[in-house]
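Observations on the three-dimensional arrangement
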Amino acid sequence: MIKSQLRDYMERVIDAKEICAEDVKDLQRNVLRDGLTSRSEAEALLALDRSLPAHASWSDAVLALMVDFLVWGSRPTGKVTADDASWLSAALDVGTPTDTALRIAYAVVEEAEQIDEALLAFILRGRQKAPQTRAA
């Protein structure tokens, strides 16, 4: 379930067709100051990430919220269960993963004491889907 304050926030940024620096500050200070409380809220942020242009601070804010939610906000702390890893991989892997989605996956792997292989598989798929740059 998504809190009404987050729903209002989403409507506001969707109407504006972008997420500006002030929107990111509002998300951190007011809307989700206590963090994410459900997968639905996390999925809502990921949907915004895929659909709207955002200020550079957006990616860091969403990353921090997701890591806190997945690694430290559920039991056992520090461990990402198979169920959570499968859910996160599916939530991040809609279409071509965004830069933020890949950063979230890497950050969860770095922060967690234990992860399920589903998240590692997502990272490998994301690397294959990412555009390759060539040296000149």
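An account of the accompanying structure is given in this report. (Residues numbered from 1 in each chain as written. Predicted model: local features only at pLDDT ≥ 70, side-chain atom pairs only at ≥ 80, totals over all residues. Heavy atoms only, no water.)

Okay, empty space enclosed by the protein next. Inspection of every chain in the model, using the stated rule, returns 1 cavity of 30 Å³ or more. Here the largest cavity is characterised by a volume of approximately 30 Å³. Surrounding the largest cavity, Leu46, Asp49, Arg50, Ala91, Leu92, Thr98 and Ala101 form its lining. Looking at the lining of the largest cavity, the elements that each hand over two or more residues are helix H3 (39-51) and helix H5 (82-92). If you tally residues by element for the lining of the largest cavity, the top one is H3, at 3 residues. Here the lining of the largest cavity is built from residues that sort into 4 nonpolar, 1 polar and 2 charged. (1 Å grid on protein atoms, 1.4 Å probe; cavity = no way out; pocket = protein on both sides within 12 Å on 5 of 7 lines; lining within 4 Å. Points joined across faces, edges and corners; volume = space filled by probe spheres on them. Helix = DSSP H or I, 4+ residues; strand = E, 2+ residues; numbered from the N terminus. Nonpolar A, V, L, I, M, F, W, Y, C, P; charged D, E, K, R; others polar.)

Running from N to C, helix H1 (residues 4-16) and helix H2 (residues 21-31) point in directions that differ by 175 degrees, and their axes come no closer than 11 Å. For the element pair H1 / H2, the angle class is roughly antiparallel. Taking contact as the criterion, the partners of Gln5, Leu6, Tyr9, Arg12 and Val13 in H1 are, on H2, Asp23, Val24, Asp26, Leu27, Asn30 and Val31. Its residues placed into classes, the contact of H1 with H2 shows 6 nonpolar, 2 polar and 3 charged. (Axes fitted to C-alpha atoms, helices over the stretch in contact; angles between N-to-C directions. Parallel < 35°, antiparallel > 145°, perpendicular 65-115°, else oblique. Contact = heavy atoms within 4.5 Å.)

What follows covers the packing of aromatic side chains. Scanning the entire structure with this criterion turns up 1 aromatic pair. Between the aromatic rings of phenylalanine 69 and tryptophan 87, the centroid separation amounts to 6.4 Å while the plane-to-plane angle is 75 degrees, which identifies the pairing as edge-to-face. Highlighted residues: phenylalanine 69 in helix H4 (residues 57-72) and tryptophan 87 in helix H5, separated in sequence by 18 residues. Each member of the pair, phenylalanine 69 together with tryptophan 87, is buried. (Phe/Tyr/Trp six-rings, centres within 6.5 Å; stacked < 30°, edge-to-face > 60°. Buried < 20%, exposed > 50% of the residue type's maximum accessible area, 1.4 Å probe, protein only.)

So, about the nonpolar core. Of all hydrophobic cores here, the largest spans 43 residues; its most connected members are Leu45 and Met66. Contributions of two or more residues to this core are made by H1, H2, H3, H4, H5, helix H6 (99-111) and helix H7 (117-129). Ranked by the residues each element gives to this core, the list is headed by H4, at 10 residues. For leucine 45, the contacting residues outside a window of four places in its chain are Leu6, Leu27, Leu32, Leu36, Trp58, Val62 and Leu65. (Core = buried A, V, L, I, M, F, W, Y, C linked by side-chain atoms within 4.5 Å.)

Attention now moves to the environment of glutamine 28. Structurally, the position occupied by glutamine 28 is in helix H2. Spatially, the C-alpha atoms of glutamine 28 and alanine 64 are 9.9 Å apart, while their sequence positions differ by 36 residues. Ignoring any residue separated from it by four or fewer positions in sequence, one finds glutamine 28 in contact with Arg33 and Ala61.

With the rule as written, the count across this model stands at 6 salt bridges. Between aspartate 23 and arginine 12 there is a salt bridge, and its shortest N-O distance comes to 3.7 Å. Of this pair, aspartate 23 sits in helix H2 while arginine 12 sits in helix H1; the two residues are 11 residues apart in sequence, bridging distant segments of the chain. A residue is classified by how much of its surface remains accessible, and aspartate 23, at 10% relative accessible area, is buried. A salt bridge links aspartate 84 to arginine 39; the shortest N-O distance between them is 2.7 Å. Note that aspartate 84 is positioned in helix H5 and arginine 39 in helix H3, a separation of 45 residues in sequence. Residue classification places aspartate 84 among the buried positions, given a relative accessible area of 13%. (Salt bridge = Lys/Arg side-chain N within 4 Å of Asp/Glu carboxyl O.)

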